[in-house]
Amino acid sequence: MATNASGREYNLIIGKQDSSALVIGGDGSIDDADFVSGTRLFMRVDQVNGINYDAGFTTSEVLRSGRRSYEDGDMIRHYGSGTWSYDFDYLVENEVMLQTLMSLALDIADTTGTITVTPAIANATNDYSHGLNSGDNCGIVLLEASTSGLSADDQVMHSAVLNNLTLSMSMGTDGGRVRASGSFYSGYKPVVKDSGVTGATTASNYEKGLFDFTTLTIGGHAVTCSDFSITITNEAQRVGWQGASAEADGYVRGGLYDISGSITVKYDADTADALADWKANTAYAIALNDGSTWDFSIPNARMTGHNIDFADEGVFVEIPFTATTGAAGTGNLAVFKTS
């Protein structure tokens, strides 16, 4: 009789790939050694998603002449020459997990202290060629069947790049705490096997959010904020193919390095003036911090909208923004601190 299984029996484990044990592309022998000690953590999400295999095929349907229905041979499929993705939505509860996600998205090795995103970092094109040491900036996603009797069918998405990461917080949701969501991307087939991997102990030691900011300013004006979100987009694309299965020949991560988001604040005399500044293309500094360990700063934010909500419970304005390097191109895109 078939085994019954519940989604609650699965664990999601996220870690950095240990490039000294598993280079980009690997060899399929994924095991405990391929995670960096200390970043192999349970991501305790509300709901575990599955790895998306849909784009793992390159496909074509060719309806031949003389008939109006497909034959089996008309459905052309090749597995291995496509891509795989994994989407997550995580109410942050662990400091190391958040710092790991920041490191993978920003392509910065150390995110335990102040993270300054300089033009040099944004313009860098790190080598993600197949078979090379990844600099520990590839990730591994593991769906582990813990108690369902399906442990031989763990799914491991290795050599994955975190294409985007969104950090959001709202005073009306989750007590204002920060929520992280994003999408991992891989050009290598997930490995299905008994991984033999267990997550490191995941301490519930991080409850930072909107209400922990003591300074909130836009263009130097103090504001009352109800919502804030920021998205880091640093996408990779698979390059060509190699091997018997036509898997990726590594990645190129040379597209737009984008940091953008939105902040929703009370509409008052100062934020009303922002409408004129938006129309005049005036750059703004956005700063949210607690003066110590919790900091989101965009020194040269270009406003991309000014959306007023005339609600009975109070008038607020959403101000979307994009981080820039300033008029001279030498300013920092962003400064973060998540410790």
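Just above, that's the structure.
Bear in mind the structure is a predicted one, so any value in this text is a computation, not a measurement. Residues take numbers from 1 onward in each chain, read along the sequence in its written order. Confidence filtering applies because this is a predicted model: local features only for residues at pLDDT of at least 70, side-chain atom pairs given and counted only at 80 or more, and all residues used for totals across whole chains, interfaces and linings. Where side-chain values are given, they derive from all heavy atoms of the structure, hydrogens and water being excluded.

We now examine the sheet that holds strand β7 (residues 128–129). Pairs of strands are assigned from DSSP output, requiring at least two bridges between the strands. Every helix listed is a DSSP run of H or I at least four residues long, and every strand listed is a run of E at least two residues long, numbered separately from the N terminus. Spatial strand order, β7-β16-β15: 3 strands in an open sheet with antiparallel pairing. Only two strands of the sheet have a single partner each, and these edge strands are β7 and β15 (237–238).

The subject of this paragraph is the packing of aromatic side chains. Centre distance within 6.5 Å is the pairing criterion for rings of Phe, Tyr and Trp, where only the six-membered ring of Trp is used; planes under 30 degrees apart are then read as stacked, over 60 as edge-to-face, and the remainder as tilted. With the rule as written, the count across this model stands at 12 aromatic pairs. The interplanar angle of 85° and the centroid separation of 6.0 Å between the aromatic rings of Phe213 and Phe296 together place this pair among those described as edge-to-face. With Phe213 in the loop between β11 (191–193) and β12 (215–218) and Phe296 in strand β19 (residues 294–303), this residue pair connects regions lying 83 residues apart in the sequence. Pair check on accessibility: Phe213 and Phe296 agree, each one buried. Buried, partly exposed and exposed residues are distinguished by accessible area as a fraction of the type maximum, computed with a 1.4 Å probe on protein chains only: under 20%, between the cut-offs, and over 50%, respectively.

Moving on to the pairing of strand β20 (residues 307–311). For β20 and strand β21 (residues 314–323), the ladder comprises 5 bridges, and the chain directions are antiparallel. From the neighbouring strand, Asn307 faces β21, where its bridge partner is Glu318.

The rule for a salt bridge is simple: a side-chain nitrogen of Lys or Arg has to be within 4 Å of a carboxyl oxygen of Asp or Glu. The tally for this structure, following the rule as stated, stands at 10 salt bridges. A salt bridge links Arg64 to Asp74; the shortest N-O distance between them is 3.4 Å. Of the two residues, Arg64 is situated in the loop between β3 (57–61) and β4 (75–79) and Asp74 in the loop between β3 and β4; the sequence distance between them amounts to 10 residues. Of the charged contacts in the structure, one is a salt bridge between Arg253 and Asp107, with a shortest N-O distance of 3.8 Å. Highlighted residues: Arg253 in the loop between β16 (250–252) and β17 (257–266) and Asp107 in the loop between α1 (95–106) and β6 (114–117), separated in sequence by 146 residues. In this pair, the class of Arg253 matches that of Asp107, namely buried. One connected set of salt bridges, linked through shared partners, spans Asp46, Asp89, Asp174 and Arg179.

Now for the environment of Leu101. With respect to the helices and strands, the residue Leu101 is situated in helix α1. What makes Leu101 buried here is its relative accessible area of 0%. Sequence separation of Leu101 and Gly80 is 21 residues, and the distance between their C-alpha atoms is 26 Å. Residues within four places of Leu101 in sequence aside, it is in contact with Met43, Phe88, Leu162, Leu165, Ala180 and Phe184. Throughout, a residue-residue contact means that at least one pair of heavy atoms, one from each residue, lies within 4.5 Å.

To continue, consider a nonpolar patch on the surface. Patch construction takes residues with relative accessible area above 30% that form no salt bridge. Like charges are linked within 9 Å, and nonpolar side chains (Val, Leu, Ile, Met, Phe, Trp, Tyr) are linked within 5 Å. Accessible surface area values rest on a Shrake-Rupley calculation with a 1.4 Å probe, where residue burial reflects the displayed protein chains alone. There is a patch of nonpolar side chains on the surface, built from Leu63, Tyr70 and Met75 and spanning about 290 Å² of accessible area. Positionally, Leu63 belongs in the loop between β3 and β4. Given a relative accessible area of 46%, Leu63 falls into the partly exposed group.

Quick look at unusual backbone geometry now. Of note, the phi angle at Ala246 is positive, near 60°, even though the residue is not glycine. Within the secondary structure, Ala246 is located in the loop between β15 and β16. For Ala246, a relative accessible area of 11% corresponds to the buried category. The phi dihedral of Asn281 is positive, around 60°, even though this residue is not glycine. A relative accessible area of 49% means that Asn281 is categorised as partly exposed.

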